[in-house]
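# A structural walkthrough
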Amino acid sequence: MSEKLTVSVLGTGIMGAAMARNIARAGHTVRAWNRSRAKAEPLTADGVRVTDTPAEAVTGADVVLTMLYDGPAALDVMEQAAGGLRPGTAWIQSTTAGIDAIGDLAAFAARHELTFFDAPVLGTRQPAEAGQLLILAAGPSERRDAVHPVLDAVGARTVWTGEDGAAGSATRLKLVANSWVLAATNAAGEVLALSEALGVDPQSFFDAIAGGGLDMPYLHLKAGLVRDGNLTPAQFAVSTAAKDARLIVEAGRAHGVRLDVAEASAARLARAEEQGHGDEDMAAAYYASFDEV
C-alpha cells in the first residue's frame, strides 16, 4: 500500500462492521459511527476509533463509506455529518438505496463538493468478513485511484458500471442481482416447506438434481441454514432483504415492468418479519409458508 488513508465508515451492521475491520487491517486509519454505539464498540479491538457523531467520524477523512439501511437513512446521516465534511472527499455510497434515492444522495454530494461513487456490494456476512465482496461501482475514472485502496480492502473484485455515480448504474445492477438472489432464497424455502407438507425427505430432491442443470450451491447453502437451524447470526437479515425486495418491486413498477416473483418474495419476507424472524437470515422466509411458527 503506497498511501495510508483516513476512512470514515458510517453504519456498522453486518456489512459495515466487516468492511471497517478489513479497511483497518489493510493499514488505513478508520473512524466508525453507528446509531447504536454499543454495536460499533467491538471494532475498537481492531484499531477502529468509534465516534459519537457522524460529523466527528468524517472530520479530516479522505474517504467516507456509508453502509446504512436505505437511501433516506444514508441521506439523514450524511446531513448530520455535513459539518465535518471537506470539499474533495470521496464518498463511497454502498447502501442499497434504490433508484429514486440515488439522485438525492448525488445532489447532496454535489452541494458539498464530494466525489460521489455509487458502490453497492454483492455478498453476505462471510464474504464481507473475508474481504471478498463483489463491488459494483460507478464514478469518475480520474478519481478512482482515491478509492481503489478502500475497495481493494473490502472486495475481491470491482465491476465498474459507469462514469457518473448520479446515474445509478451500479444501483440498477445491484437490484437486478438481488432480484435473482431473493427469488432463489424464497424458492429454496418453498422446496423445504412443500417437502414437509407432502411427507417428502428434501434430501431426496437434492439427490435427484445433484450435478445436473437444476442443481446449484446456493440452494444447498440456504436450505442448509434452515435444516440445520443456523439462521443466526444472519448472513443477510430478513428485514434488510424485505426492504431490498420492496425497492426491486418499486423499480420495476416505475419502469413499466410487472415483477410477480419479486412481489411474492417481498410479501413472503414481510410475513416472515411480522412473524418475528426479522433479525434472522433471509432463509427464514421459509417460515412464511406456515400460519404459525
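Just above sits the structure.
These remarks concern the structure in this document.

What counts, and at which threshold
Residue positions are given per chain, counting from 1 as you read along its sequence in written order. Where totals are concerned, whole chains, interfaces and linings use all residues; where local detail is concerned, this predicted model gives features only for residues with pLDDT of at least 70, and gives and counts side-chain atom pairs only at 80 or more. Computation of side-chain values: all heavy atoms of the structure, hydrogens and water removed. Both cavities and pockets are sets of points on a 1 Å grid over the protein atoms alone; in a cavity a 1.4 Å probe fits but cannot get out, in a pocket the set is open with protein on both sides within 12 Å along at least five of seven lines, and lining residues sit with an atom within 4 Å of a point. Grid points are joined across faces, edges and corners, and a volume is the space filled by probe spheres set on the points. Each helix corresponds to a stretch of at least 4 residues labelled H or I by DSSP, and each strand to a stretch of at least 2 residues labelled E; elements are numbered beginning at the N terminus. Under the grouping applied here, Gly and all other residues not named as nonpolar or charged are polar, the nonpolar ones being Ala, Val, Leu, Ile, Met, Phe, Trp, Tyr, Cys and Pro and the charged ones Asp, Glu, Lys and Arg. Aromatic contacts are taken between Phe, Tyr and Trp rings whose centres are within 6.5 Å, Trp giving its six-membered ring; a plane angle under 30 degrees counts as stacked, one over 60 as edge-to-face, and the others as tilted. Accessibility here uses a 1.4 Å probe with only protein chains present; expressed as a share of the type maximum, an area under 20% marks a residue as buried, one over 50% as exposed, and anything in between as partly exposed. We count a charge as sitting over a ring when the NZ of a lysine or the CZ of an arginine lies within 6 Å of the ring centre and within 35 degrees of the ring normal. The contact criterion used throughout is that any non-hydrogen atoms of two residues lie within 4.5 Å. Nonpolar side chains (Val, Leu, Ile, Met, Phe, Trp, Tyr) within 5 Å and like charges within 9 Å form the patches, drawn only from residues with over 30% relative accessible area and no salt bridge. Note on areas: Shrake-Rupley, 1.4 Å probe, and residue coverage restricted to the protein chains presented here. Counted as salt bridges are all cases of a side-chain nitrogen of Lys or Arg within 4 Å of a carboxyl oxygen of Asp or Glu. The criterion for strand pairing is that DSSP finds at least two bridges linking the strands in question. When the strands point away from the viewer, a crossover counts as right-handed if the path from the first strand over the helix to the second runs clockwise.

Here we take up the layout of surface pockets. Space left empty within the atom packing is revealed by a probe, the size of a water molecule, rolled over the atoms. Considering only enclosed or pocket space, the largest pocket measures out at about 1,100 Å³ in volume. Lining of the largest pocket is provided by 45 residues; of these, Gly13, Ile14, Met15, Phe236 and Thr240 occupy positions nearest its centre. Among the elements that make up the lining of the largest pocket, the one with the highest residue count is helix α1 (residues 14-25) (five residues). The residue makeup of the lining of the largest pocket, split by class, is 21 nonpolar, 15 polar and nine charged. Reported here for the second largest pocket is a volume of approximately 190 Å³. What lines the second largest pocket is a set of 15 residues, and nearest its centre among them are Ala97, Gly98, Asp100, Leu247 and Glu250. Among the elements that take part in the lining of the second largest pocket, helix α11 (residues 238-254) stands out by supplying six residues, more than any other.

Using the criterion set out here, one finds six aromatic pairs in the structure. With a centroid separation of 5.9 Å and an interplanar angle of 80 degrees, the aromatic rings of Trp91 and Phe108 are classed as edge-to-face. Highlighted residues: Trp91 in strand β5 (residues 90-93) and Phe108 in helix α5 (residues 99-111), separated in sequence by 17 residues. Taken individually, Trp91 and Phe108 each receive the classification buried, so the pair is uniform in this respect. A network of ring pairs unites the aromatic residues Trp91, Phe108 and Phe116 as a single cluster. A cation sits over an aromatic face here: Arg144 above Trp160, 4.0 Å from the ring centre. Above the ring of Tyr69, the side-chain terminus of Lys243 is found at 5.5 Å from the ring centroid.

The next subject is the side chain of Thr6. Within the secondary structure, Thr6 sits in strand β1 (residues 6-10). Discounting residues that sit within four places of it in the chain, Thr6 has contacts with Thr29, Arg31, Gly60, Ala61, Asp62 and Val63.

Time to look at a nonpolar patch on the surface. Nonpolar side chains collect at one region of the surface, where Leu194, Leu198 and Val200 lie side by side and expose about 290 Å² of accessible area between them. Relative to the helices and strands, Val200 is located in the loop between α8 (169-198) and α9 (202-209).

This part is about the pairing of strand β9 (residues 155-162). Relative to β9, strand β8 (residues 133-138) runs parallel, the two being bridged by six bridges. Looking at β9, one finds that Leu136 is bridged to Val159. Handedness of the β8-helix α7 (residues 148-154)-β9 crossover: right-handed.

Turning our attention to the pattern of salt bridges. Where side chains of opposite charge bring their charged atoms close, a pairing between them can arise. This model, assessed by the stated rule, comprises 14 salt bridges. Between Glu41 and Arg37 there is a salt bridge, with its nearest N and O atoms 2.5 Å apart. Between Arg253 and Glu263 there is a salt bridge, with its nearest N and O atoms 3.8 Å apart. A residue pair is termed long-range when its members are at least 10 positions apart, and Arg253 in helix α11 and Glu263 in helix α12 (residues 260-277) qualify at 10 residues. One salt-bridge network, held together by shared partners, links Arg21, Arg25 and Asp46.

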